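Structure assessment
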Amino acid sequence: MSFSRAIKIAPSILSADFANFGAECEAIEAQGADWVHVDVMDGHFVPNITFGPATCAAIRPHIKGVMDVHLMIAPVDAYLESFAKAGADFISVHLEAGPHMHRSLQAIRGYGVKAGICLNPATGIESVEYLLDQIDLINVMTVNPGFGGQKLILSQIDKIRRLRALIGDRPIHIEIDGGVTTETAPLVVAAGADVLVAGSAVFSGGSVKNPAPYGENIRALRAVAEAARQ
């Protein structure tokens, strides 16, 4: 998987039809999605429960491209191997989800998976500086994690800008998760983001039987995001 700062749209299946995950993954890829984003929640680290490694393993055959797994669970270390074996291409973990984050990131990479760190809205970027040699992605949570459909917290735009400067020329993606719409996508891209996680902004108006709106939504997001770079 070669590194590129081209805009990538990563629909979150948290907004998909839970009874048709496989078909939904195939539909969004066919309609232009670059990555498939999987939000794993444990009801402890965040106030919601979604799914685990068995679900990831079940949908993996339906995903031709990148499966981007976001672990909102704590403690996280005991589950890293399971999600790696389930076929994740990226595994991202929260700074607060384990006592030795450097070791957690080393473990993810040791399983042959690209490693990401997640920053909650109230989490600063200071610790990231000491992890840059262990990460392939930084997930900036632009909402408080746990639920879809929230509005983007505008204070995070400055965080994105500061991270972009900190990263420099390193091959590290900046991913934005939460409140991404055609109105907010240009703001985060202009600040330095290249991966846009979008749930309702992609799945709104469509379905497995009528996937065309997925494509319309993806193209609309990509168009405003790419325009923001010019």
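No experiment lies behind these values; they were computed from the predicted model shown.

Re the overall build of the protein chain
In terms of helices and strands, the protein chain carries eight helices and eight strands. Here the C-alpha radius of gyration of the protein chain, 16 Å, is about what a compact globule of 230 residues would show, namely 17 Å. Seen through its principal axes, the protein chain has C-alpha atoms that stretch 45 × 40 × 35 Å. Taken across its 230 residues, the protein chain has 53% of its residues classed as buried. A separation threshold of at least 6 residues defines the contact pool for the protein chain, and within that pool the share at least 24 residues apart is 66%. Surface exposure of the protein chain reaches about 9600 Å², of which carbon and sulfur atoms provide 53%. Once the 18 positive and 24 negative side-chain charges of the protein chain are each reduced to a mean point, those two points are 4 Å apart.

Considering the side chain of D89
With respect to the helices, strands and loops of the structure, D89 is situated in the loop between helix 3 (80–85) and strand 4 (90–94). Among the polar contacts made by the side chain of D89, one reaches the side chain of R60 at a distance of 2.7 Å. In this structure D89 touches M1, R60, G65, V66, M67, V113 and K114, once residues within four positions along its chain are discounted.

Re the packing of aromatic side chains
Taken as a whole and assessed by the stated rule, the structure comprises five aromatic pairs. Each residue in the set F18, F21 and F51 is aromatic and connected to the rest through ring pairs, giving one cluster.

Examining the pattern of salt bridges
Evaluation of the coordinates by the stated rule reveals six salt bridges. Across the pair R222 and D34 runs a salt bridge, and its minimum N-O distance is 2.9 Å. In this pair, R222 is assigned in helix 8 (residues 212–228) and D34 in the loop between helix 1 (21–30) and strand 2 (35–41), connecting sequence segments 188 residues apart. Among the residues examined, R222 registers a relative accessible area of 18% and is labelled buried. The exposure class assigned to D34 is partly exposed, which follows from its relative accessible area of 27%. Ionic pairing is found between K85 and E81, a salt bridge with its closest N-O pair at 3.1 Å. Highlighted residues: K85 and E81, both in helix 3, separated by four residues, approximately one helical turn. Residue E81 is classed as partly exposed on the basis of its relative accessible area, which comes to 34%.

Topic: helix 8
For helix 8, built from 17 residues, the straight-helix expectation of 24 Å at 1.5 Å per residue is met to within 8% by its first-to-last C-alpha distance of 25 Å. Taken residue by residue, helix 8 has P213, Y214, G215, N217, I218, L221, R222 and A225 as its buried positions. Close packing links the buried residues of helix 8 with strand 1 (8–11), helix 1, helix 6 (185–191), strand 8 (195–198) and helix 7 (200–203).

Conventions we followed
Residues numbered from 1 in each chain as written. Predicted model: local features only at pLDDT ≥ 70, side-chain atom pairs only at ≥ 80, totals over all residues. Heavy atoms only, no water. Helix = DSSP H or I, 4+ residues; strand = E, 2+ residues; numbered from the N terminus. Rg over C-alpha atoms; globule rule 2.2 N^0.38 Å. Buried < 20%, exposed > 50% of the residue type's maximum accessible area, 1.4 Å probe, protein only. Contact = heavy atoms within 4.5 Å. Areas by Shrake-Rupley, 256 points an atom, 1.4 Å probe, with all protein chains shown as cover. Lys, Arg positive; Asp, Glu negative; His and termini not counted. Charge placed at Lys NZ, Arg CZ, Asp CG, Glu CD. Polar contact = N/O pair within 3.5 Å; in protein donor to acceptor, adjacent residues only side chain to side chain. Phe/Tyr/Trp six-rings, centres within 6.5 Å; stacked < 30°, edge-to-face > 60°. Salt bridge = Lys/Arg side-chain N within 4 Å of Asp/Glu carboxyl O. Expected span 1.5 Å × (residues − 1).

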